[in-house]
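If you want the building blocks of each chain, they are given just below.
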Amino acid sequence: MDAKPGGESHFNLVIVSAAFQGQSRLARQRAVNALLKDEMAGPVHALSIKALTPEEAGEPA
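Structural notes, computed from the coordinates. (Residues numbered from 1 in each chain as written. Predicted model: local features only at pLDDT ≥ 70, side-chain atom pairs only at ≥ 80, totals over all residues. Heavy atoms only, no water.)

## Remarks on the overall build of the chain
And then number 1: A count of helical and extended segments in the chain gives 2 helices and 2 strands.
And then number 2: Sequence-ordered secondary structure for the chain, helices as α and strands as β, is β-α-α-β.
And then number 3: Taken over 61 residues, the chain has a buried fraction of 18%.
And then number 4: Within the structure as shown, the chain displays about 4,600 Å² of accessible surface, and the carbon and sulfur contribution to it stands at 53%. (Helix = DSSP H or I, 4+ residues; strand = E, 2+ residues; numbered from the N terminus. Buried < 20%, exposed > 50% of the residue type's maximum accessible area, 1.4 Å probe, protein only. Areas by Shrake-Rupley, 256 points an atom, 1.4 Å probe, with all protein chains shown as cover.)

Below, the structure written as structure tokens:
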């Protein structure tokens, strides 16, 4: 991710994945944070994560 000086540093992220099935909210957050650790060390200041299974997101099976 390339951030421009003075650009946005707060983001809202919604991820829908069957991989979250059976995981707690905390486990989901940790998995996403682990994947984004480089971005979180740099231009991203704050990140709100909503990690859902397809069922939780209301997607058809």
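## What about helix H1 (residues 25-35)?
And then number 1: Listing the buried residues of H1 in full gives Arg 28, Gln 29 and Val 32. For H1, the arc enclosing every buried residue in end-on projection is 100°, short of the 170-degree limit, so these residues lie on one face. (Arc of directions from axis to C-beta.)

## Quick notes on the environment of Glu 56
And then number 1: You can see Glu 56 is positioned in the segment after strand E2 (46-52).
And then number 2: Residue Glu 56 is classed as partly exposed on the basis of its relative accessible area, which comes to 45%.
And then number 3: Dropping the residues within four chain positions of it, Glu 56 is found in contact with Arg 28 and Ala 51.
And then number 4: One polar contact links the side chain of Glu 56 to the main-chain amide nitrogen of Thr 53, over a distance of 2.9 Å. (Contact = heavy atoms within 4.5 Å. Polar contact = N/O pair within 3.5 Å; in protein donor to acceptor, adjacent residues only side chain to side chain.)

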